[in-house]
Amino acid sequence: MSTDTIDHQTLTRLVEAGAVRGAHVIGQAGGWGILVKYGMIERPLAATRSRQVRTFRKLETVVDYLKGIGISRFDIAIADSVAVKVNESVPK
C-alpha cells in the first residue's frame, strides 16, 4: 500500500461531496483495511491518532463504519492468510 493515507474527516467530506468512486476492504493478517478511491487516487484509511493505516479486527466493524459515513457499496478481497468464519454474519 502507498504511504499516503486518508483520514476519517477527509473521507467524510469526500463522501458528502460525492467524490468517492469506490471502497475496497482488504483482508490482511490481524484484520481488515480499507482502500478508498477518489478521482484517480486510491489511498488507505489512516487511524486518527497514530496516522498509520487503520486496521479493523472484525468485518462487521468495517461494514458499520462504511455504512455510517455513507458508503453502502464496496468490494472485499481476502488474502490467503486471512481466516474468515463461514457463518460470520454481516449486518444488512
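Preceding block: the structure.
Analysis parameters
- The written sequence of each chain sets the order in which its residues are numbered from 1.
- Local features in this predicted model are restricted to residues whose pLDDT is 70 or higher, and side-chain atom pairs enter the listing and the counts only when it is 80 or higher, whereas totals over whole chains, interfaces and linings include all residues.
- Water and hydrogen atoms play no part in the side-chain values, which are based on all heavy atoms of the structure.
- Pairing between two strands is assigned when DSSP locates at least 2 bridges connecting them.
- Put simply, DSSP H or I for four residues or longer makes a helix, DSSP E for two residues or longer makes a strand, and each gets a number counted from the N terminus.
- Take a side-chain nitrogen of Lys or Arg and a carboxyl oxygen of Asp or Glu: if they are within 4 Å of each other, that pair is a salt bridge.
- Each residue is placed in one exposure class: buried if its accessible area under a 1.4 Å probe, protein chains only, is under 20% of its type's maximum, exposed if it is over 50%, and partly exposed if it falls in between.
- To get an axis, fit a line to the C-alpha atoms, keeping to the stretch in contact for a helix; angles then go from 0 to 180 degrees between the N-to-C directions.
- Should any heavy atoms of two residues lie within 4.5 Å, those residues are counted as being in contact.
- Only buried residues count toward a nonpolar core. Its members are Ala, Val, Leu, Ile, Met, Phe, Trp, Tyr and Cys residues joined through side-chain atoms within 4.5 Å.

Asker: Tell me what's going on with the pairing of strand 1 (residues 20–28), and back it up with residues and numbers.
Answerer: Bridge analysis of strand 1 against strand 2 (residues 31–38) gives 8 bridges, and the strand direction is antiparallel. Paired with Gln28 across the bridge in strand 2 is Gly31. Between strand 1 and strand 2, which follow one another and run antiparallel, lie 2 residues, and Gly30 among them has a positive phi close to 95°. Bridge analysis of strand 1 against strand 4 (residues 75–77) gives 3 bridges, and the strand direction is parallel. What sits directly across from Ile26, in strand 4, is Ala77.

Asker: Could you give an account of the pattern of salt bridges, with specific residues and numbers?
Answerer: For the structure shown, the criterion picks out 2 salt bridges. The salt bridge involving Asp4 is made with Arg43; its shortest N-O contact spans 3.6 Å. With Asp4 in the segment before helix 1 (8–16) and Arg43 in strand 3 (residues 41–44), the pair connects residues that are 39 residues apart, well separated along the chain. A relative accessible area of 40% places Asp4 in the partly exposed class. Of the charged contacts in the structure, one is a salt bridge between Arg51 and Asp7, with a shortest N-O distance of 3.9 Å. Here the residue Arg51 occupies a position in the loop between strand 3 and helix 2 (59–69), and Asp7 occupies one in the segment before helix 1, the gap between them amounting to 44 residues.

Asker: Describe the sheet that holds strand 3, listing the residues and the values that go with them.
Answerer: In space, the 4 strands of this open sheet follow the order 3-2-1-4, with mixed pairing throughout. Single-partner strands in this sheet number two, and they are strand 3 and strand 4. Strand-to-strand twist across the sheet, computed as the mean angle between neighbouring axes with direction ignored, equals 25°. The strands that helix 2 touches are strand 1, strand 2 and strand 4; relative to strand 2, the one it contacts most, it runs at about 30°.

Asker: Let's hear about the nonpolar core: which residues, and what values?
Answerer: Considering soluble globular proteins, one finds that nonpolar side chains tend to be buried as a cluster. The biggest cluster of nonpolar side chains holds 19 residues, and the ones touching the most others in it are Leu11, Ile34 and Tyr65. Of all the elements in the fold, those that place two or more residues in this core are helix 1, strand 1, strand 2 and helix 2. A total of 6 residues in this core trace back to one element, the largest contributor, which is helix 2.

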